[in-house]
Amino acid sequence: MTMTELKPAKELAAKRVTKFENESRAYAEARTALLAEEIEVRRHLTRLAEQRRRLPPGPVVAKDYRFKDENGAEVGLADLFGGHDTLVTYFWMYGPQRERPCPMCTNFLGGVNGNAADVKQRVAFKILGRSPVARQRAFALERGWRDLDFVQTVCDDYARDLGLLDDRGGESPAFTVYQKNGDGIHVFYNAEMPDEAADPGQDPRGAVDIAPLWNILDMTPAGRGTDWYPKLVY
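Only a predicted model underlies this, so the values are computations on that prediction, with no experimental measurement involved.

(A) Broad picture of the pattern of salt bridges. A complete count under the given rule lists 17 salt bridges for this structure. Notably, a salt bridge pairs R31 with E38, separated by 3.3 Å at the nearest N-O pair. Judged by its relative accessible area of 23%, R31 falls in the partly exposed class. Linked by salt bridges that have partners in common, R98, R130, D156 and E171 make up one network.

(B) Quick peek at the sheet that holds strand 3 (residues 86-91). An order of 2-1-5-4-3-6-7 is seen for the 7 strands of this open sheet, with the pairing classed as mixed. Only two strands of the sheet have a single neighbouring strand rather than two, namely strand 2 (74-76) and strand 7 (184-190). Geometrically, the sheet is characterised by an average inter-axis angle of 35 degrees between neighbouring strands, direction not taken into account. Sheet topology note: the strand 6 (residues 174-181)/strand 7 ladder contains 6 bridges and is antiparallel.

(C) Region of the structure containing the nonpolar core. In terms of nonpolar packing, the biggest core is built from 25 residues, with W92, L109, I127, W145, L148 and F150 touching the most fellow members. Where this core is concerned, the elements lending two or more residues are strand 3, helix 3 (103-119), strand 4 (124-129), helix 4 (133-143) and helix 6 (212-217). Broken down by element, this core gets its largest block of residues, 5 residues, from helix 3. Here F150 is in contact with E70, W92, I127, V133, Q136, R137, A140 and W145, once residues within four sequence places are set aside. Among the nonpolar cores identified, the runner-up in size contains 19 residues, and F67, V75, L80 and I185 belong to it.

Definitions and limits used
- Every chain is numbered on its own, with residues counted from 1 as its sequence reads.
- With the structure being a predicted model, the display of local features is reserved for residues of pLDDT at least 70 and the display and counting of side-chain atom pairs for 80 or more, all residues being used for whole-chain, interface and lining totals.
- The side-chain numbers reported here are obtained from all heavy atoms of the structure, hydrogens and water having been left aside.
- Basic side-chain nitrogens of Lys or Arg form a salt bridge, by our definition, when they fall within 4 Å of a carboxyl oxygen of Asp or Glu.
- Only protein chains enter the calculation, and the probe is 1.4 Å; a residue is then buried if its accessible area is under 20% of its type maximum, exposed if over 50%, and partly exposed in between.
- When DSSP locates at least two bridges between a pair of strands, those strands are taken to pair.
- The secondary structure listing takes helices from DSSP runs of H or I that are at least 4 residues long and strands from runs of E that are at least 2 residues long, numbered from the N terminus.
- Comment: axis = line fitted to C-alpha atoms, over the contacting stretch for helices; angle = value between 0 and 180 degrees taken between N-to-C directions.
- What we call a nonpolar core is a set of buried Ala, Val, Leu, Ile, Met, Phe, Trp, Tyr and Cys residues that are connected through their side-chain atoms within 4.5 Å.
- Whether two residues touch is decided by their heavy atoms; if any such pair falls within 4.5 Å, the residues are in contact.

Right under this line is the structure:
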């Protein structure tokens with residue numbers, strides 16, 4: 001069935017079954033209207049995922065970026081794929097100049113750790129950082145992360161070329177997916193959301209938002225707020 005053959009969202013939402021006693025008519029009507037919107041958003045996200053998968057081959061990675069794995073061996077980008085043809089990477093803000101890593105990156109990786117073992121059944125998945133792997137892993141063990149694979153970027157070519165490191169040493173994160181085929185390694189997808197694209201009162205953020213924290217808070221009365229951010233310690 002194609003997306004154009006689907007039943008109208010309002011028709012499906014009308015089949016909602018009341019789950020709670022004493023549900024007011026106002027709440028029931030509002031919740032049914034919301035369900036219709038949720039169905040529409042779900043369908044839009046499905047179209048978004050399909051559009052993403054239809055991207056033509058991205059730019060070839062021509063530079064021989066070097067990394068160090070957990071054994072201290074120097075490897076290339078192709079080596080990070082292992083037996084997969086797809087490599088998912090997250091560059092986190094934990095350079096050698098940082099006493100502690102970025103709280104936002106830490107929060108994201110905490111959620112990712114719980115799914116990493118499953119993700120790695122389908123694709124290669126590596127966490128890249130400018131600090132030595134031993135330092136990254138020490139923090140991971142402190143947080144109880146057991147399923148993330150950390151890699152150190154050798155020199156700063158990778159971070160600088162991707163615009164993740166400025167001249168003052170400031171870092172930015174990056175979620176980048178690579179694909180390997182017969183003619184080399186291509187960038188399949190790089191999460192992009194310029195500051196100018198942020199809507200009023202919001203931080204720049206992509207779609208879909210893959211951070212569990214924000215998705216959970218978005219389902220609460222107060223939402224994610226406008227000036228609250230996670231911390232390393234509470």
